[in-house]
Amino acid sequence: MGQDKIAVSKYQRAGKLVNTGAKVGANYMKHYAKKLTGSKATKQDLEEENAKDDYSAFSELKGGPLKVAQMLSMGDQVLPKAYVDQFALAQNQVTPLSLPLVRKTFRKYFEKDPLQLFDEFSTEAVNAASIGQVHKGRKGKQEFAIKIQYPGVADSLQSDLRLIAPIATRFLGLKKKEVAPYFEEVERKLMEETDYRKELQNANEIISGCGNLEGIHFPEFDPQLSTDRIITMTWLKGLSLNDWLATDPSQEDRNRIGQLLWDFYQHQFHLLRVIHADPHPGNFIITPENELGVIDFGCIKHIPSDFYASYEKLMRSGQEQDSPELIDALFALELLHDGDSEKDQATIMGVFGSMFQLVGQPFYSETFDFSNDSFFEKIYSTGMALSKDSSYRNLSARGSRHFIYFNRTYFGLYQLLHQLKANIHTGQWTFIAA
Amino acid sequence: MAKKKKAFDKLQWIAAYKSFVLEKGELPATVRELAEMAGQTFPDFKKQFTDLRQLETAVIALYFKEANDLLMADEKFEEYSNKEKQLAFLYVMIEKAGADEVFLQEFQRLKKTDRGFAVRLMRFLNRQELSWAELSWGASTAERVGVNPKQAALIQHALSTLMFFLKDYSEEKQDTDAYIEKTTDVLYRLTDTSTVRSMVDLGKFLFSRRKTTFSWE
């Protein structure tokens, strides 16, 4: 069984990140050396080399940086393509833990070997995620997915986040105090993901609220065979979204899956006020009947009523620039601050206006074609232009902390629908009074 | 007059030694001191061990032996790869040692200044027939003359794991599991000689064909 090494202590992990920084620096040197000597060196080459080094370090570290790599790769319009190509590898490829440790973990929690609990149990992991790996088991005719967490993940996540925070703060030119609430939100969510009992609760919450949705399937969880580090659920038959796409499904089937995804998320947001906040392709299964299976409930986001109400106001008034309702909503969502100068307010209103018109398009039309590359390219180019705009860059960090996982969810969903090239009905969902 | 206890076997002396350390918070200074507390005599002790040093190494070696014997009786063990065999040994050995964690922590504290202990322990373990080591790495003990470097490396690895375990304050000792996984992986990668063997093979091939391969004639 192949085992890539995993950096051990905080200091070793820090060393790994610093090493990546050095490598990325070296890649820039190589890039400019090539330019000086007249060799062909494209920006794409440079980004690819940097991304490879970043990914290599991230996957050795597991835990926090890998999670961040996964989060970054959700939206390929936010990052240059080469970064996304490498980071996307993080979504399903992490090295497995040994069978003796799996057996030991079972004996510890259940006082039995896996084969005393299941008629069959895969000796090797059938899938690996950032904080755990999945084995397949069978009892009678029923197949199960058993997810086992890597040891020491919670501690590693915390130490990684403490490493990432200052680097990210400096890289983005932000003030530590301003970004602290965002990092706290991310840390809280990542720590929740390390508690499989919490995942069981999350799953029950989403499944009980979505169980009646047609065309959507969920695994059944077995609380008797679940602990804080092991979670057991029935095996959903089918292909992961990426594998299914590789079979070249018809446009009709792509649209159907896209519609199921869209409705699943709108139902959660508007009716349950809690969303499955990890929409990456590995978390969705397409069943043999071409229906949608949802797995992995480690990361869910509760939408507070005041956030929902303000967001509704924003969506309702977003197309009317300078309306009092819009300004109210922007203050409530912490996008405008009391201390902002008129110039700052004008900048925010301008940025919001252009981004809102763009990103909100699916919500303002009856149908939307997510295969439209120009829509995503425009989001990316607008984002890039903003990042270079000094009047925008000089603004303090802003926006409700709830936007982090909310945006991650919606950008992730957009990304999935783009991969599906789905053309779907988007306009039928309306806000429901809180 | 109190009836004298039956003479202890090796395991009973080991248990008596652990009780002594736990009760008194110190190491027995003499055999007589230990024997007196155990209700035994000096000659009884000499039937099993030559001195206290030998008993001390046997105390730690017992975790190795017990883990080894348990694995040999486990029908799954043979199905494991070499690397998995080493992993399995470490997990079982730590499980055994974990039952005596308080004693081991006290023992480690008291033995800190005895630098010769680690050397004696290594020598002792290297002389043992530990089938796990043989199976984990082909570290044959049968025809060995002196120390087998492979077995020595595996034993050193196991001892370092034990040390790590005793200073591991992570929740449910998860860091020890991570230590075992990571160090075993590194150990087997570092000692994977297949690349070197391939290079030697290529070198031999090229050398034998040197007259034709690199000549224009």
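Predicted, not measured: the structure shown is a model, and the values here were computed from it.

**Things to note about the overall build of chain B**
Across its full length, chain B holds 12 helices and zero strands. Scanning chain B from its N terminus toward the C terminus, one meets helices and strands in the order α-α-α-α-α-α-α-α-α-α-α-α. Across the 217 residues that make up chain B, the buried fraction comes to 43%. Long-range pairs, those at least 24 residues apart, make up 64% of the contacts in chain B between residues at least 6 apart in sequence.

**Considerations on the pairing of strand β6 (residues 230-234) of chain A**
Residues and elements named next belong to chain A. Among the five residues that make up β6, five are buried, leaving the element largely enclosed by the rest of the structure. Neither face of β6 is exposed, since I230, T232 and T234 on one face and I231 and M233 on the opposite face are all buried. Both strand β4 (residues 142-149) and β6 contribute to a ladder of five bridges, which runs antiparallel. Each bridged residue has a counterpart across the sheet, and for K147 the counterpart in β6 is I231.

**A short note on the pattern of salt bridges**
Residue and element names in this part refer to chain B. In this structure the tally under the stated criterion is 30 salt bridges over all chains. Between K47 and D44 there is a salt bridge, and its shortest N-O distance comes to 3.7 Å. On the criterion of helical spacing, the pair formed by K47 and D44 is a turn pair, its members being three residues apart in helix α3 (residues 42-48). Judged by its relative accessible area of 5%, D44 falls in the buried class. For D185, the salt bridge goes to R189, with nearest N and O atoms at 3.1 Å. Of this pair, D185 and R189 both sit in helix α10 (residues 174-190), four residues apart, roughly one helical turn. Judged by relative accessible area, which is 2%, D185 ranks as buried.

**Focus on the side chain of A:T287**
Mapped onto the fold, A:T287 is located in the loop between β9 (284-286) and β10 (292-294). Excluding residues that lie within four positions of it along the chain, A:T287 makes contacts with A:H217, A:K237 and A:G238.

**Thoughts on the confidence of the model for chain A**
In the predicted model, chain A carries a mean pLDDT of 79, and 76% of its residues have values of at least 70. Overall, residues 1-44 of chain A carries pLDDT values under 50, and its contacts beyond four positions in sequence, including any with other chains, amount to 76 contacts.

**Considerations on the sheet that holds β9(A)**
Residue and element names in this part refer to chain A. Spatially, β5-β10-β9-β7 is the arrangement adopted by the four strands of the open sheet, whose pairing is mixed. Only two strands of the sheet have a single neighbouring strand rather than two, namely β5 (216-217) and β7 (239-240). Bridge count between β7 and β9: two bridges; the pairing is antiparallel. Directly across from L239, in β9, lies its bridge partner I286.

**Here we look at the nonpolar core**
If you look at the biggest cluster of nonpolar residues, it comprises 146 residues, and the most contacted ones within it are A:F106, B:L55, B:I60, B:F64 and B:M93. Among the elements that make up this core, the one with the highest residue count is helix α4 (residues 52-72) of chain B (11 residues). Those residues in contact with B:M93, other than ones at most four positions away along the chain, are B:Y63, B:F64, B:A67, B:A158 and B:L162.

**Comments concerning the interface of chain B and chain A**
The interface is formed by 20 residues belonging to chain B together with 26 residues belonging to chain A. Surface buried jointly by chain B and chain A totals about 2,000 Å² across both partners, of which 49% is contributed by carbon and sulfur atoms. Looking only at chain B, the three residues that lose the most surface to chain A are B:Q174, B:E181 and B:K182, adding up to 27% of its buried area. Across the contact surface, chain B and chain A share three salt bridges. With its nearest N and O atoms 3.3 Å apart, the salt bridge here joins B:D74 to A:R103. Where chain B packs against chain A, one counts seven residue pairs in polar contact (both at pLDDT 80 or more). If you list the elements that add at least two residues to the side of chain B that touches chain A, you get α5 (82-98) and α10 of chain B. Here the side of chain B that touches chain A takes nine residues from α10(B), the largest share from any one element.

**Notes on the confidence of the model for chain B**
Residues and elements named next belong to chain B. Mean pLDDT over chain B: 85, with 87% of residues reaching 70 or higher. The secondary structure element of chain B with the lowest average pLDDT is helix α12 (residues 210-213), at 65, and the one with the highest is helix α1 (residues 10-24), at 96. Note that residues 141-145 has pLDDT below 50 and, in this model, seven contacts with residues that lie over four places away or in other chains.

**Focus: the packing of aromatic side chains**
Summed over all chains, the structure comprises 37 aromatic pairs over all chains. Considering the side-chain rings of A:F106 and A:F121, the 5.5 Å spacing of their centres and the 75 degrees angle between planes classify their relative orientation as edge-to-face. Linking A:F106 in helix α5 (residues 99-110) with A:F121 in strand β1 (residues 120-121), this pair joins segments that are 15 residues apart in sequence. Measuring from centroid to centroid gives 6.0 Å for A:F307 and A:Y311, while their planes differ by 10 degrees, and the two rings are stacked. Placement of both A:F307 and A:Y311 in helix α12 (residues 305-317) is noted, with a separation of four residues, approximately one turn of the helix. Residue classification places A:F307 among the buried residues on the basis of a relative accessible area of 3%. Over the face of the ring belonging to B:F77 we find B:K85, whose NZ or CZ atom lies 5.9 Å from the ring centre.

**Remarks on the packing of helix α14 (residues 342-359) of chain A against helix α15 (residues 373-388) of chain A**
In helix packing, the relevant descriptors are the interaxial angle and the interaxial distance, both defined with respect to the helix axes. Residue and element names in this part refer to chain A. The geometry of α14 relative to α15 is characterised by a closest axis approach of 10 Å and an angle of 165 degrees between their N-to-C directions. On the basis of their axis angle, the class for α14 and α15 is roughly antiparallel. In this structure, α14 crosses over α15, and the sense of that crossing is left-handed. Across the interface between the two elements, V351, M355, L358 and V359 from α14 touch F375, K378, I379, T382 and L386 from α15. Across the contact of α14 with α15, the residue classes tally to seven nonpolar, one polar and one charged.

The rules we used
Residues numbered from 1 in each chain as written. Chains lettered and ligands numbered in written order. Predicted model: local features only at pLDDT ≥ 70, side-chain atom pairs only at ≥ 80, totals over all residues. Heavy atoms only, no water. Helix = DSSP H or I, 4+ residues; strand = E, 2+ residues; numbered from the N terminus. Buried < 20%, exposed > 50% of the residue type's maximum accessible area, 1.4 Å probe, protein only. Contact = heavy atoms within 4.5 Å. Pairing = 2+ DSSP bridges. Salt bridge = Lys/Arg side-chain N within 4 Å of Asp/Glu carboxyl O. pLDDT = per-residue confidence, 0-100. Core = buried A, V, L, I, M, F, W, Y, C linked by side-chain atoms within 4.5 Å. Buried area = accessible area lost by both parts, 1.4 Å probe. Polar contact = N/O pair within 3.5 Å; in protein donor to acceptor, adjacent residues only side chain to side chain. Phe/Tyr/Trp six-rings, centres within 6.5 Å; stacked < 30°, edge-to-face > 60°. Lys NZ or Arg CZ within 6 Å of the ring centre and 35° of its normal. Axes fitted to C-alpha atoms, helices over the stretch in contact; angles between N-to-C directions. Parallel < 35°, antiparallel > 145°, perpendicular 65-115°, else oblique. Left-handed = near helix turned anticlockwise from the far one by under 90°. Nonpolar A, V, L, I, M, F, W, Y, C, P; charged D, E, K, R; others polar.

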